[in-house]
Amino acid sequence: MVIPEEIEGKVDTAPQLSRDASRAADTTTTVSSRRAGGQGDKETIQQKVIVDMREFRSELPSLIHRRGIDIEPITLEVGDYILTPNICVERKSISDLIGSLNSGRLYNQMLAMTRYYKRPVLLIEFDPNKSFALQTKSTLSSEISYQNLSSKLTLLTLHFPRMRVLWCPSPYATAELFEELKINRDQPDAVAAAAVTAEEGTSTAEPAAADKYNHGPHDMLLKFPGISNKNAWKIMKCIPDMAALSTTSQERLAEILEHTGNAKLLWEFLHKEQGVESDKAGKGTGKGGKFGAKGGKGKRPFKGKGVKR
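Residues numbered from 1 in each chain as written. Predicted model: local features only at pLDDT ≥ 70, side-chain atom pairs only at ≥ 80, totals over all residues. Heavy atoms only, no water.

Trainee: Explain the packing of aromatic side chains residue by residue, including any values.
Mentor: In total, this model carries 4 aromatic pairs according to the counting rule given. When the ring of Phe126 is compared with that of Trp167, the centres are 6.1 Å apart and the planes differ by 25°; the resulting orientation is stacked. Of this pair, Phe126 sits in the loop between strand 7 (119-125) and helix 5 (149-159) while Trp167 is found in strand 8 (residues 164-168), placing the two residues 41 residues apart along the sequence. The buried category is assigned to Phe126, whose relative accessible area is 5%. (Phe/Tyr/Trp six-rings, centres within 6.5 Å; stacked < 30°, edge-to-face > 60°. Helix = DSSP H or I, 4+ residues; strand = E, 2+ residues; numbered from the N terminus. Buried < 20%, exposed > 50% of the residue type's maximum accessible area, 1.4 Å probe, protein only.)

Encoded structure:
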C-alpha cells in the first residue's frame, strides 16, 4: 500500500490542516480615530474559538481551524465551544443526546450554561451517512410522554427559554455555522471560560455574584408559583432564607414582588397543602407550613458562598 509522503507524517506539511486565511479576513475590526475621518490604523482582530480538550476526539476543531479561525484548547466544565463572551455551545450527537436526556445530565448542563452565558446553544449534530431526522414517523406521537424523545426535548426548551437549538447535518456544516455566528462579535476570553466551575456552581470570574447568593435555594425558589427569573432576585434581596419566606405575610410578599397576583400564588403555595390550611395540615412541623422548621433546622440561606450540590 502506497501512502503519500505528506500524510505519512515524515514532513512538516499537513494538507488536512491547511487553513484559508481569507475566510477569516472578514473579522471584527477596530478603527483608530487618531487620523482624520478614522481612516488608516485599522487593526484586524483574529477570530478565535475556545474548545474543550475532549472535543479533539472529533474532526470539528480541525475543520474550524481550516476556516482561518484560531483554536484555543482548554478544559471546560461548562460547554464544549465558547464562540463569544455570550455564546456557549454544548455539542451532542444523536446517541449522546438520547443518553443525556434519559440520565438528566443535559438538564444540569443547560442549567449551568444559562447561569453564566446569555446565549446557551444546544447543537445537535447528525451522522452524514444517516437520515436527517431525530425520530422516525412511527415513533412520533401527538401526546407528551416522559418516554418520548421529542417530548423531553420540548420540555427542555420550555424550561430554558433562552436556550437555542441548532441542527447540523455534518461537522462541515457546524464549522460554517460557527463562522457565521462569530461575525461582528467579540472574541471569547479563555481565562473567564476556564473560571466557570459547574461542580461548585460558582465562577471566579464573577466573584461578587458568586459569593452573594446560593444557587441551590435560588433554583428551588424558581420552582415556586408566582416566581420568575425577574422577580426571584427581589425575594432574595429582602428575605434571608426559606424559613423566613414561609413566615412572610401575603401583604409583605405583594410589596416585595410588586404584584398582588404573584404574591397570592406564592403565599397559598407555602401555607396550603392539598386545599387544607397549614394550621390544620402542618401539625408538628412548626410555624411556616411546609417549609417551616423548628430550631432553625432546614434553613437554606439565599445569601452566601455557593455550595456543592
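Once you've had a look at it, read on.
Trainee: Can you lay out the pairing of strand 6 (residues 87-93) for me, pointing to particular residues and giving the numbers?
Mentor: Among the 7 residues in strand 6, 6 count as buried, and that is most of the element. As judged from the 2 bridges shared by strand 5 (residues 81-82) and strand 6, these two strands associate in the antiparallel manner. Of the residues in strand 6, the one forming a bridge with Ile82 is Cys88. The loop that links strand 5 with its antiparallel partner strand 6 comprises 4 residues. In the sheet, strand 6 pairs with strand 7 via 7 bridges, with the strands oriented parallel. When the sheet's bridge partners are listed, Glu90 is paired in strand 7 with Leu122. (Pairing = 2+ DSSP bridges.)

Trainee: If you had to explain the sheet that holds strand 7 to someone new, which residues and values would you point to?
Mentor: Each strand in a sheet pairs with another by means of backbone hydrogen bonds, the pair being arranged parallel or else antiparallel. Ordered in space as 4-3-5-6-7-8, the 6 strands form an open sheet in which the pairing is mixed. Edge strands, defined here as strands with exactly one partner in the open sheet, are strand 4 (70-74) and strand 8. As judged from the 5 bridges shared by strand 7 and strand 8, these two strands associate in the parallel manner. Counted as the bridge partner of Ile124 is Trp167 from strand 8. Seen against the sheet, helix 3 (residues 94-103) touches strand 6 and strand 7 and runs at an angle of roughly 100° to strand 6. (Contact = heavy atoms within 4.5 Å. Axes fitted to C-alpha atoms, helices over the stretch in contact; angles between N-to-C directions.)

Trainee: How would you explain the pattern of salt bridges if you had to name every residue and give the values?
Mentor: Summed over all chains, the structure comprises 10 salt bridges. A salt bridge links Lys92 to Glu90, with the nearest nitrogen and oxygen atoms 3.6 Å apart. Look at Lys92 and you get buried, because its relative accessible area is 1%. Overall, Glu90 belongs to the buried group, its relative accessible area being 5%. A salt bridge links Glu255 to Arg252; the nearest nitrogen and oxygen atoms lie 3.3 Å apart. Separated by 3 residues within a single helix, Glu255 and Arg252 lie in helix 12 (residues 250-257), roughly one turn from each other. (Salt bridge = Lys/Arg side-chain N within 4 Å of Asp/Glu carboxyl O.)

Fair warning: the whole summary comes from geometry, so function is off the table for now.
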